[in-house]
2 protein chains.
Amino acid sequence: MDDPVLLTGAGGAVGAAILEGLEDAYEWKLMFHSPPAEEPDHEYLVGDVSSEGDVAAAMDGVGAVIHLAGDPRPEAPWDSVLENNIDGTQKMYEAAVDEGVEKFVFASSNHAVGSFETDERTPEMYRPDDQYRLDGTELPRPGNLYGVSKATGEVLGRYYHDEHGLSVCNIRIGNLTRGHPPIDYERGQAMWLSYRDCAHIHDCALQADYEYEIVYGISDNDRKYYSIERAKDVLGYDPQDNSAHFDGEERVAEPEP
Amino acid sequence: MDDPVLLTGAGGAVGAAILEGLEDAYEWKLMFHSPPAEEPDHEYLVGDVSSEGDVAAAMDGVGAVIHLAGDPRPEAPWDSVLENNIDGTQKMYEAAVDEGVEKFVFASSNHAVGSFETDERTPEMYRPDDQYRLDGTELPRPGNLYGVSKATGEVLGRYYHDEHGLSVCNIRIGNLTRGHPPIDYERGQAMWLSYRDCAHIHDCALQADYEYEIVYGISDNDRKYYSIERAKDVLGYDPQDNSAHFDGEERVAEPEP
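None of the values given here were measured: they were computed from a predicted structure.

### Description of the UniProt feature "active site" (unreviewed entry) in chain A
All names here are of chain A. As recorded in UniProt, the sites labelled "active site" (unreviewed entry) are Tyr146. With respect to the helices and strands, the residue Tyr146 is situated in helix α4 (residues 145–164). A residue is classified by how much of its surface remains accessible, and Tyr146, at 9% relative accessible area, is buried. Among residues more than four places away in sequence, those in contact with Tyr146 are Asp71, Pro72, Arg73, Pro74, Val81, Asn85, Ser109 and His111.

### Some words on the interface of chain A and chain B
Note on interface size: it is often stated as the accessible area lost on association of the parts. Taken together, the contact between chain A and chain B spans 27 residues of the former and 27 residues of the latter. Buried area between chain A and chain B, both sides added, is near 2300 Å², and the carbon and sulfur share of it is 70%. Inspection of the region where chain A meets chain B yields two salt bridges. For the salt bridge of Asp162 of chain B with Arg141 of chain A, the shortest nitrogen-to-oxygen distance reads 2.6 Å. Across the chain A-chain B interface, the total number found is six residue pairs in polar contact (both at pLDDT 80 or more). Elements with a contribution of two residues or more to the side of chain A that touches chain B: α3 (78–99) and α4 of chain A.

### Some details on the UniProt feature "domain: NAD-dependent epimerase/dehydratase" (unreviewed entry) in chain A
Sequence positions flagged by UniProt for "domain: NAD-dependent epimerase/dehydratase" (unreviewed entry) are, in local numbering, residues 5–176 of chain A. Across residues 5–176 of chain A, helical content stands at 35% and strand content at 19%; the span's end C-alpha atoms are separated by 22 Å.

### Quick word on the side chain of Ser80 of chain A
All names here are of chain A. Along the chain, Ser80 turns up in helix α3. Take Ser80: its relative accessible area is 14%, and that puts it in the buried class. With residues up to four places along the chain from it excluded, the contact list for Ser80 reads Asp71, Arg73 and Asn85.

### Concerning the sheet that holds strand β5 (residues 103–109) of chain B
Residue and element names in this part refer to chain B. One open sheet accounts for seven strands, arranged β3-β2-β1-β4-β5-β6-β9; its pairing is parallel. In this open sheet, the two strands that pair with only one neighbour each are β3 (43–46) and β9 (212–217). Sheet twist, expressed as the mean angle between neighbouring strand axes with direction ignored, is 15°. The sheet contacts of helix α3 (residues 78–99) involve β1 (5–8), β4 (64–67), β5 and β6 (167–173), and relative to β5 the element is tilted by about 170°. Set on the sheet, helix α6 (residues 195–207) makes contact with β1, β2 (28–32), β4, β5, β6 and β9; between it and β5 the angle comes to about 145°.

### Some points on the pattern of salt bridges
Under the definition given, this model contains 29 salt bridges over all chains. Measuring nitrogen to oxygen at the nearest pair gives 2.8 Å for the salt bridge that ties Asp241 of chain A to Arg196 of chain A. With Asp241 of chain A in the loop between α7 (229–235) and α8 (248–253) and Arg196 of chain A in helix α6 (residues 195–207), this pair connects stretches of sequence that are 45 residues apart. When its relative accessible area of 6% is taken as the criterion, Asp241 of chain A is described as buried. The salt bridge involving Arg172 of chain B is made with Glu138 of chain B; its shortest N-O contact spans 3.3 Å. Note that Arg172 of chain B is positioned in strand β6 and Glu138 of chain B in the loop between β5 and α4 (145–164), a separation of 34 residues in sequence. Take Arg172 of chain B and Glu138 of chain B: they sit in the same class, and that class is buried. One network of salt bridges, with partners in common, ties together Arg127, Glu186 and Arg223 of chain A.

### Overview of the relation of the copies chain A and chain B
You can overlay chain A on chain B at an RMSD of 0.0 Å; the transform is a turn of 180° with a shift of 0.0 Å along its axis. Considering both components of the superposition, the chain copies are consistent with a two-fold axis. Most of the interface of chain A is mirrored in chain B: 100% of its interface residues are interface residues there too.

### Examining the pairing of β4 of chain B
All names here are of chain B. Burial of the side chains of β4 extends over both faces: Ala64 and Ile66 are buried on one face and Val65 and His67 on the other. Bridge analysis of β1 against β4 gives four bridges, and the strand direction is parallel. Among the inter-strand pairings, Leu7 is bridged to a residue of β4, identified as Ile66.

### Some remarks on the nonpolar core
Within the largest apolar cluster, 70 residues are counted, with the highest numbers of intra-cluster contacts made by Met59, Trp78 and Phe104 of chain A together with Met59, Trp78 and Phe104 of chain B. Not counting residues within four places of it along the chain, the set of residues in contact with Met59 of chain B comprises Leu6, Val65, Met92, Ala95, Ala96, Glu99 and Val101 of chain B. By size, the runner-up hydrophobic cluster in this structure holds 48 residues, among which are Ala10, Ala17, Ala190 and Ala199 of chain B.

### Topic: the sheet that holds strand β6 (residues 167–173) of chain A
Residue and element names in this part refer to chain A. Spatial strand order, β3-β2-β1-β4-β5-β6-β9: seven strands in an open sheet with parallel pairing. Strand pairing shows two members of the sheet lacking a second neighbour, β3 (43–46) and β9 (212–217), which therefore form its edges. If you compare each strand with its neighbour and ignore which way they point, the axes differ by 15° on average. Bridge count between strand β4 (residues 64–67) and strand β5 (residues 103–109): four bridges; the pairing is parallel. Residue pairing in the sheet places Val65 in a bridge with Phe104 of β5. Each of β1 (5–8), β2 (28–32), β4 and β6 touches helix α1 (residues 13–22); the most contacted strand, β2, lies at about 160° to it. Strands β1, β4, β5 and β6 of the sheet are contacted by α3, whose axis makes an angle of about 170° with β5.

### A few points about the environment of Met125 of chain A
Residue and element names in this part refer to chain A. On the secondary structure map, Met125 appears in the loop between β5 and α4. Exposure remark for Met125: the relative accessible area of 1% places this residue in the buried category. Spatially, the C-alpha atom of Met125 lies 8.3 Å from that of Arg223, the residues being 98 residues apart in sequence. Excluding its chain neighbours within four sequence positions, the residues that come into contact with Met125 are Phe116, Glu117, Asp130, Tyr132, Lys224 and Tyr225.

Rules and cut-offs
Residue numbering note: each chain is counted from 1, following its sequence as written. For this description, chains carry letters from A and ligands carry numbers from 1, given in the order in which they are written. With the structure being a predicted model, the display of local features is reserved for residues of pLDDT at least 70 and the display and counting of side-chain atom pairs for 80 or more, all residues being used for whole-chain, interface and lining totals. Here the side-chain values reflect all heavy atoms present in the structure, with hydrogen atoms and water set aside. UniProt positions are given in the numbering used here, feature names are shortened, and annotations may be inferred rather than shown by experiment. Here a strand is any run of E in DSSP of at least two residues, a helix any run of H or I of at least four, and the numbering for each starts at the N terminus. Relative accessibility decides the category of a residue: with a 1.4 Å probe and only protein chains considered, values under 20% of the type maximum give buried, values over 50% give exposed, and everything between is partly exposed. By definition in these notes, contact holds between two residues if any of their heavy atoms fall within 4.5 Å. Note on terms: buried area is the combined drop in 1.4 Å-probe accessible area of two parts once they are placed together, counting the loss on both. We define a salt bridge as a side-chain nitrogen of Lys or Arg found within 4 Å of a carboxyl oxygen belonging to Asp or Glu. Contacts described as polar in this section are N or O atom pairs within 3.5 Å, which, within protein, must combine one atom able to donate a hydrogen with one able to accept it, while residues neighboring in sequence count only if both atoms come from side chains. Whether two strands pair depends on DSSP finding at least two bridges between them. Every axis corresponds to a line fitted to the C-alpha atoms, with the helix fit spanning only the stretch in contact, and the corresponding angles, defined between N-to-C directions, vary from 0 to 180 degrees. Here the copies are matched by least squares. The fit uses the C-alpha atoms of residues with pLDDT of at least 70 in both. In this description, a nonpolar core means a group of buried Ala, Val, Leu, Ile, Met, Phe, Trp, Tyr and Cys residues linked to one another through side-chain atoms lying within 4.5 Å.

And the structure:
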């Protein structure tokens, strides 16, 4: 990929994981919501995805997009996700079409399907021997309005792909934590995504050939209720981590990736 | 159903079909976007679904909702569908939860799945001998931003059902025309919905027991690419019309339903 890759939400946790893993693999153009604490080593701007002007400036000259920006709070109120996540994502897609961007990777979320975790299915579905799987072909069942906004972002991508031809990959990101999985939290261990696997799956989404995809972004955990088969098959995702490998002493001893 | 049924978008075509067929079947509370030309025979108000105050006034005292209001233009610009269709529907659901409404019927649209009509499938999919069917379990593929807004309304309903328990029925309304199907328009004949079948399917949606449903609202046309099996099975939908019965002279001679 010769043109720069625009990374929005560059100041967030997912952005940090991607930059740590792929710092030198792409020419980055970073978009921050607030001025970064340290001067970035890459071209960057500060702006808001709900501003058409900021979005146009961000998109100028890029060949691909990883769109992470938005209100990241699962409990975010409707007005905020409407503006930042839904309207902001539509503005990003419009600008991407205007710029002729070929590939658009969208940070969707496990919260788009949070209500599949019913009282009847939990906590069994979080356990290694349980066979329940979501694979991305199911209709969304958001557990909160943030999840509604992420499901809407996926639908926007479907429309822009069908109508305008850009490749769209929606990654339903699990529970990203640095170094080791959440402790004493089965659900978080089941949807754990390590930093290096997070960088790798985004690398795959920038490299692979596809039309429109919805995949789950988790490590290869023994506990899982999200299938990663589609990510493996279409994107070539080859995760290195597994939350089961971090128990007791070993968990503490594991070096940061 | 003892409490009044709120009908938003009462001044539109779908609203007219419902009121013509079910005038005396329910105690109606009508919400118009513009003042009606004639004084309605039912309680009514004029208001905007993007106004929280108007929505609260509309919802006051009702037991069920048929929510049709919104920008109905397939070519509507994003800002309008964002405000009127997406934000407006969220405000309606919030108010319905506050009021303790038990049943919420949402006017979704064929445009939520318009991009399934690819060059490869058309015009064959519009023809009586073609077996291609959408059944409502497929992920949306909107053909325009209006369709994106309707798919988002469906996701909002999923969330409010899962989180708050009200029954939600999304009816993906086809091509509603009065008296007879569109002439010389295979696609419109395949998704034709007669006025009386339109009233009937909404009656079914108010009467039947269900949790969360997505059904197609078309007559029992020989030409069809939307399955009506789910509407029959769950809602007890029993359509009386078929666009194939309106040909040439007969079409012109058919009295209005």
